[in-house]
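# Architecture and fold: a report
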Amino acid sequence: MSFNSLGLSDALLKAISKKGYSTPSPIQQKAIPPILEGKDVLASAQTGTGKTAGFTLPILQILSQGQQLRQRPIRALILTPTRELAAQILANIKEYSEFLDLRSTVIFGGVNQNPQVTQLRQGVDILVATPGRLIDLQNQGLISLAKVEILVLDEADRMLDMGFVRDIERIIKVLPSKRQNLMFSATFSTDIKKLAMGILHHPVHVEATPENTTVDAIIQKIYPVAKEKKTELIIKLITEGNWKQILVFTRTKQGANKLTESMISAGIKAAAIHGNKGQGARTKALAGFKDGSLTALVATDIAARGLDIPLLPHVVNFELPNIPEDYVHRIGRTGRAGASGEAISLFSPDETVFLRDIEKLVGLKLPKENIKGFEPDPNASTEPIKQGQGRQQRNSTPKKPKIDTTNRSSNNSFGPRRPSQNNDRRSNR
Ligand code: AMP
């Protein structure tokens, strides 16, 4: 199938060819036609599948064919969980709309709102936003969503995980009831299905990879290792393997910092990216990683979600995630766009329960390979690590969550958020 056969306009085809895409990805083939027909779409797709173009291209086509109002009210609203993802989506929109008369901008928290407000005042057709800042500006009367024709919820599962559900509900209340709705999510929990049912009308379901399965092109390996030897092992893998670009996941922000320091001491160019880092530091780390001046990017799950780093050869789970779906998200960062990649997990005995949950979710027994000199003590305890350092005890009383709030507005007036269990399990990230 070619992009020509999807019914996209010449202006879009020209932009697509400038990007160098020759064939639409599976999610694009499946999502673009129903979106162009004006239908609601529920798509199962994670980052790396080409989902952004999957919704952006048809939206641009619809908007460019619609009536152009002089004041340029916001006609398409794209909600997304993180600033990085929001910025990336806007960058894609700008590229795809190069030959169209459409304006777009992005708003997110953690930075001065004034430049964003100035942009909005000049009129934009497409707004990409994180929920907190959108609500903030809405409360201040600086934004009108009364003319929105198309709503996109991107990475809806992550927005729920990050506690944005009430924000999303508030935003939806101020949108016109007659609109087209598109929802993208990598996983489909009961909560996601509930949210979808409340927002979408007779949606067309499309999926890029089957729910919660891992991509075949990714080689997955588990290296059993004594907990205290993980740092030594990862440094050995990077230096002896002469790896050039490696994304490493830790469970906590503190863990990310500590590992980054050890890597730097060992002569590896590394930076950490997590919720405690300011926007400038995050952008710099990501840029350095993309342009090759950094070898290793050490990230927590929330910070890494949605980062567009094409063709990543290696992803390493320095610690296994305590939420099994995160394993699927993490390793989805490699083997992108059909290229093969390697996802390695350093597995210590105290993570036995996490590994069991992951294998259950992906429906695979993951192959284990021992590395001489790093094997764990066969008699080591398989008890999960204590609360506060990782997984919560299943039946414990929930602690007040300490979630990554870096993408949130600090003074939204919609009252307290109800912490979800997931938020609790994501403390320290
Ligand atoms: P996404 O899943 O939207 O984050 O896209 C992942 C990467 O695939 C991005 O770098 C896109 O530029 C790229 N991409 C999107 N569509 C295509 C396509 N049809 N052919 C090749 N690359 C693509």
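First, a word on what this report is: a plain description of the structure on this page. These figures come from a predicted structure and were not determined experimentally.

### Observations concerning the sheet that holds strand β8 (residues 218–224)
Ordered by their spatial adjacency, six strands build an open sheet running β8-β13-β12-β9-β11-β10, and the pairing between neighbours is parallel. Edge positions in the sheet fall to β8 and β10 (270–273), since each has one partner strand and no second. Neighbour-to-neighbour, the strand axes of this sheet turn through a mean angle of 20°, independent of strand direction. Alignment of strand β9 (residues 246–249) against strand β11 (residues 296–299), held across four bridges, turns out to be parallel. Along β11, the bridge assignment pairs Ile246 with Ala296. On top of the sheet, helix α11 (residues 253–265) reaches β9, β10 and β11; it is set at about 175° to β10, its chief contact.

### A look at the nonpolar core
Leu8, Phe55, Leu57 and Leu182 are the most contacted members of the largest nonpolar core, which totals 39 residues. When neighbours within four sequence positions are excluded, Phe55 is seen to be in contact with Ile35, Ile78, Ile89, Val152, Asp154, Leu182 and Phe184. Core analysis: the second largest hydrophobic core is formed by 35 residues, Ile74, Leu120, Leu160 and Leu195 among them.

### Things to note about the pattern of salt bridges
On inspection of all chains with the given rule, the structure shows 20 salt bridges. Here Lys19 ties to Glu95 by a salt bridge, and the two come within 2.9 Å at their closest N and O atoms. Of this pair, Lys19 sits in helix α1 (residues 10–19) while Glu95 sits in helix α4 (residues 83–96), and the two are 76 residues apart along the sequence. You can call Lys19 partly exposed: its relative accessible area is 32%. Lys236 is the partner of Glu240 in a salt bridge, and the nearest nitrogen-oxygen pair spans 3.2 Å. You can see Glu240 and its partner Lys236 sitting in helix α10 (residues 230–241), four residues apart, about one turn around the helix. Relative accessible area serves as the criterion here: at 62%, Glu240 is assigned to the exposed category.

### Things to note about helix α15 (residues 352–362)
Buried within α15 are the following residues: Val353, Phe354, Leu355, Asp357, Ile358, Glu359 and Val362. In this structure, the buried side of α15 is in contact with β8, α14 (324–331) and β13 (341–347).

### Some remarks on the site of the ligand
Of all residues adjacent to the ligand, which total 15 residues, the nearest are Tyr21, Gln28, Gly48, Gly50 and Thr52. Here Gly50 contributes a backbone N or O atom positioned 2.8 Å from an oxygen atom of the ligand. Thr52 places a polar side-chain atom, nitrogen or oxygen, 2.6 Å from an oxygen atom of the ligand. Of the residues in the shell around the ligand, the class split is three nonpolar, eight polar and four charged.

Reading the values: rules and limits
Residues numbered from 1 in each chain as written. Predicted model: local features only at pLDDT ≥ 70, side-chain atom pairs only at ≥ 80, totals over all residues. Heavy atoms only, no water. Pairing = 2+ DSSP bridges. Helix = DSSP H or I, 4+ residues; strand = E, 2+ residues; numbered from the N terminus. Axes fitted to C-alpha atoms, helices over the stretch in contact; angles between N-to-C directions. Contact = heavy atoms within 4.5 Å. Core = buried A, V, L, I, M, F, W, Y, C linked by side-chain atoms within 4.5 Å. Buried < 20%, exposed > 50% of the residue type's maximum accessible area, 1.4 Å probe, protein only. Salt bridge = Lys/Arg side-chain N within 4 Å of Asp/Glu carboxyl O. Near = heavy atom within 4 Å. Polar contact = N/O pair within 3.5 Å; in protein donor to acceptor, adjacent residues only side chain to side chain. Nonpolar A, V, L, I, M, F, W, Y, C, P; charged D, E, K, R; others polar.

Keep in mind that these numbers describe shape and distance, not what the molecule does.
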